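In case you want the letters, here they are:
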Amino acid sequence: MTRNSNMKIASVAAFLAIVFIAVPAAISASGRIDLYYTLTSVALLSIGSAGVWLTFYIGRINIGQGAYALMGGYVSAILVMNHGWSFWLTLPVAGLFCAAASVLIGLPILRLRGVYFAMVTLTLTEVVRLLALALPITNGAKGIVSIPLPGALSVFGLTIVPDFATLQNSRLAFYLLAVTLMVVCFAVMYRLVNSRIGKLCQSLQQNEELASSIGVNIAYLRVIAYAVSSFFGGLAGAIFAAISQSIYPSSFTVTDSVNFMLNCFLGGLGYVFGPMLGTLVLYFGWDLLFQTGQFQLLIYSGLMIVLMLVLPNGLLSLTVSTGKKA
């Protein structure tokens, strides 16, 4: 193997050791088990942001990921509460439901570009929120509450994951679930970007007309990328509903959709792992600025503007490429 390959393997191994071993050990030693929820949120928001990054990769500004996160949360909650499904079965179903919905929605709107596509996706989150308020199955403004914790996951009689309700520390279990899915999702996205389909998707970002003229099925690629993006959003939403044991129409709003997008900008649109770093910095940065009181939003906005001007390619542009550069 080349030196570059060895460095990548070492970096991945170090990252896995940190998230699966070092972080739990540090939290256990400090007694700050509340950090499990914080880091779980970061991991899930990273998954949703990864989906938004994928739509940027095909040259579309997606500000509607909150809609699919809300859909995924409701699908999982309804199946668990109304139909007695196992949480583990609802996870892929929630993602697939969002992917199918995105295909129906994306076929007409993916023809739009730039600010026009952004405007349509921005309103999508609000449309889904209003539907959640109006539909009887979602229980309106009351939402769905008292969602049970995930039960045991068994394969051929062998228990892979224990019942979360029986665990002494369910927050650790949710953390491990979230970071495992985060690692899997980013691995899938990295593989996708480095595949033939990924190279074709990159051509859409650069020049759709030229890509179409050489035989690239641009409509197919746009829909596939948007469907994968929405699948990630639905997956994150379903786990959020399980963690909070509730889901409301206001659980994901337009603000959340904008934050998903900002995570990608901050980390770096040219890097696969940009959304992960952007989410981590943005989440903790907002909390740190809480001490500034009424000036929190002003300072936050100012810092974001400065970062965009100084580092237009994101924070990862400061280092040697961590992920695949677009």
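Residues numbered from 1 in each chain as written. Predicted model: local features only at pLDDT ≥ 70, side-chain atom pairs only at ≥ 80, totals over all residues. Heavy atoms only, no water.

- An unreviewed UniProt entry lists the chain under the name Branched-chain amino acid ABC transporter permease, with Mesorhizobium dulcispinae given as the organism.
- Looking at the chain in UniProt, the text filed under Subcellular location (unreviewed entry) is "Cell membrane". (UniProt positions renumbered as here; feature names shortened; annotations may be inferred.)

**Details of unusual backbone geometry**
Right, so step 1: Residues other than glycine seldom take positive phi values, yet Asn-139 does so here, at roughly 65°.
Right, so step 2: As for its position among the elements, Asn-139 is in the loop between α5 (114-134) and β1 (144-145).
Right, so step 3: Notably, Ser-146 is not glycine yet its phi reads approximately 60°, a positive angle.
Right, so step 4: Within the element layout of this structure, Ser-146 appears in the loop between β1 and β2 (153-155). (Helix = DSSP H or I, 4+ residues; strand = E, 2+ residues; numbered from the N terminus.)

**Focus on the packing of helix α3 (residues 65-83) against α5**
Right, so step 1: Here α3 crosses α5 at 30°, and the two axes come no closer than 7 Å. It follows that α3 is roughly parallel to α5 by the angle criterion. Contacts between α3 and α5 involve Gly-66, Ala-67, Tyr-68, Leu-70, Met-71 and Tyr-74 from the former and Leu-124, Thr-125, Val-128, Arg-129 and Ala-132 from the latter.
Right, so step 2: Per-class residue counts for the contact of α3 with α5 are eight nonpolar, two polar and one charged. (Axes fitted to C-alpha atoms, helices over the stretch in contact; angles between N-to-C directions. Parallel < 35°, antiparallel > 145°, perpendicular 65-115°, else oblique. Contact = heavy atoms within 4.5 Å. Nonpolar A, V, L, I, M, F, W, Y, C, P; charged D, E, K, R; others polar.)

**A word on empty space enclosed by the protein**
Right, so step 1: Summed over all chains, the structure comprises two cavities of 30 Å³ or more.
Right, so step 2: Of the voids in this model, the largest cavity is the one considered here, and its volume is about 60 Å³.
Right, so step 3: Around the largest cavity, the lining residues are Gly-73, Ser-76, Ala-77, Val-80, Phe-87, Ile-147, Pro-148, Leu-149, Pro-150, Ala-238, Ala-241 and Ala-242.
Right, so step 4: Mapped onto the lining of the largest cavity, the elements with two or more residues apiece are α3 and α9 (218-244).
Right, so step 5: Residue classes in the lining of the largest cavity are distributed as 10 nonpolar, two polar and no charged.
Right, so step 6: Computed from the structure, the second largest cavity encloses a volume of approximately 40 Å³. (1 Å grid on protein atoms, 1.4 Å probe; cavity = no way out; pocket = protein on both sides within 12 Å on 5 of 7 lines; lining within 4 Å. Points joined across faces, edges and corners; volume = space filled by probe spheres on them.)

**A short note on the layout of surface pockets**
Right, so step 1: Approximately 610 Å³ is the volume attributed to the second largest pocket.
Right, so step 2: Leu-45, Phe-240, Asp-256, Asn-259 and Tyr-283 are, among the 24 residues lining the second largest pocket, the residues nearest its centre.
Right, so step 3: Within the residue set of the lining of the second largest pocket, elements represented by two or more residues are α2 (34-57), α9, β4 (246-247), α10 (254-267), α11 (274-288) and α12 (296-310).
Right, so step 4: The leading source of residues in the lining of the second largest pocket is α10, at six residues.
Right, so step 5: Of the residues that constitute the lining of the second largest pocket, the class distribution is 14 nonpolar, eight polar and two charged.

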